[in-house]
Amino acid sequence: MRTTRVSAAAAEEGSLLRLSGLSRHFGALRVLDRIDLSVPAGTILGVIGPNGAGKTTLFNVIAGVVPPSGGTIEFGGRDVTRKPVWDRCRLGIGRTYQVPKPFSHMTVHENVLAAGLHGSGLSMRRAGEKAEEVLELTGLAHRRHLPAGELSLLDLKRLELAKALGCRPQMLLLDEIAGGLTDGECDSLLKIIERLRASGMTIVWIEHVIRALRRAADLITVLYGGELIATGRPDDVLVDQRVRDVYLGGGH
Ligand SMILES: Nc1ncnc2c1ncn2[C@@H]1O[C@H](COP(=O)(O)OP(=O)(O)OP(=O)(O)O)[C@@H](O)[C@H]1O
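An unreviewed UniProt entry lists the protein chain under the name Branched-chain amino acid transport system ATP-binding protein, from Rhizobium halophytocola.

Written out as structure tokens, the structure reads:
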């Protein structure tokens, strides 16, 4: 059965993603503790917090890799809490991983094509068209015949983005995509992300590179001790005293 994607109209009504009372415990460890969060369609939401705060677990629960211990996840007005990963992917939830792990012996083009074919169930022709489009968008077109194992870190990050985009997401979960890049490399990635925002993409972005979020994010939320302790505009959140105490310190 073909999964119906959320309509643009539903997305425009308000939040594309809505988390209500979302929890995840590992034994006695409360990694996510009754999280409530709404992500308006078309916005970039940065997620920050100290190491081990539960940010990647949050993505794993949203993407369907890890089931929640409680609470609900709505995407485009539809309850996806119990839906499997592949179904969420076809509904429009795309994701990049903190550590890029492409098929290193396959070319850049083959990696993107494989993601589109398996992730969103496109026909070979449509997946091929989509792959061309995202290779252009991510600046990888001239690398298309290279084995992924030969890419630089920046190009691996671009490929990570291209694979996620190859699945035609309406929302992207970016997991530390700017990590390890030089300032110049980070800027070229930001240009791609800004182009995505201009196209209407909704982005939830875990990042320790605060400079990147300061430039690109519309909103920032802070995860600490399993709870969201602050959510708002970057200029407000980044000067919040509690946020500075628990995460930013004097270094950002
Ligand atoms: N499958 C699991 N089983 C047990 N504990 C887990 C599991 N996955 C994550 N945890 C624990 O949950 C906590 C949060 O981990 P998570 O990777 O989500 O943090 P994070 O905020 O993404 O950290 P970082 O910024 O270092 O990537 C950690 O204490 C981690 O050890």
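Moving on from the coordinates now.
Asker: Before we go on, may I ask you to explain the nonpolar core in this structure?
Answerer: The tendency in soluble globular proteins is for nonpolar side chains to be buried as a group. Among the nonpolar cores identified, the biggest contains 48 residues, and Ile48, Leu161, Leu172, Ile203 and Trp205 are the most heavily contacted of them. With seven residues, helix H6 (residues 153-165) is the single largest residue contributor to this core. Looking at which domains feed residues into this core, each of domain 1 (1-92 + 169-252) and domain 2 (103-168) supplies at least three.

Asker: Help me out: how do you make sense of the site of the ligand in this one?
Answerer: Around the ligand sit 14 residues, and of these Gly52, Gly54, Lys55, Thr56 and Thr57 come closest. The backbone of Ala53 places a nitrogen or oxygen atom 3.1 Å from an oxygen atom of the ligand. Taking Lys55, its side chain carries an N or O atom lying 2.7 Å from an oxygen atom of the ligand. Burial of the ligand by the protein amounts to 59% of the accessible area it has alone, namely 630 Å².

Asker: Quick question: what am I supposed to make of the pattern of salt bridges here?
Answerer: Opposite charge on two side chains makes pairing possible when the charged atoms of those side chains draw close. A complete count under the given rule lists 15 salt bridges for this structure. A salt bridge links Asp183 to Arg211, with the nearest nitrogen and oxygen atoms 3.7 Å apart. Taken as a pair, Asp183 in helix H7 (residues 183-198) and Arg211 in helix H8 (residues 210-216) lie far apart in primary sequence, 28 residues in all. Note on Arg211: relative accessible area 37%, which makes it partly exposed.

Conventions and cut-offs
- Residues numbered from 1 in each chain as written.
- Predicted model: local features only at pLDDT ≥ 70, side-chain atom pairs only at ≥ 80, totals over all residues.
- Heavy atoms only, no water.
- Core = buried A, V, L, I, M, F, W, Y, C linked by side-chain atoms within 4.5 Å.
- Buried < 20%, exposed > 50% of the residue type's maximum accessible area, 1.4 Å probe, protein only.
- Helix = DSSP H or I, 4+ residues; strand = E, 2+ residues; numbered from the N terminus.
- Domains from an automatic or database assignment.
- Near = heavy atom within 4 Å.
- Polar contact = N/O pair within 3.5 Å; in protein donor to acceptor, adjacent residues only side chain to side chain.
- Areas by Shrake-Rupley, 256 points an atom, 1.4 Å probe, with all protein chains shown as cover.
- Salt bridge = Lys/Arg side-chain N within 4 Å of Asp/Glu carboxyl O.

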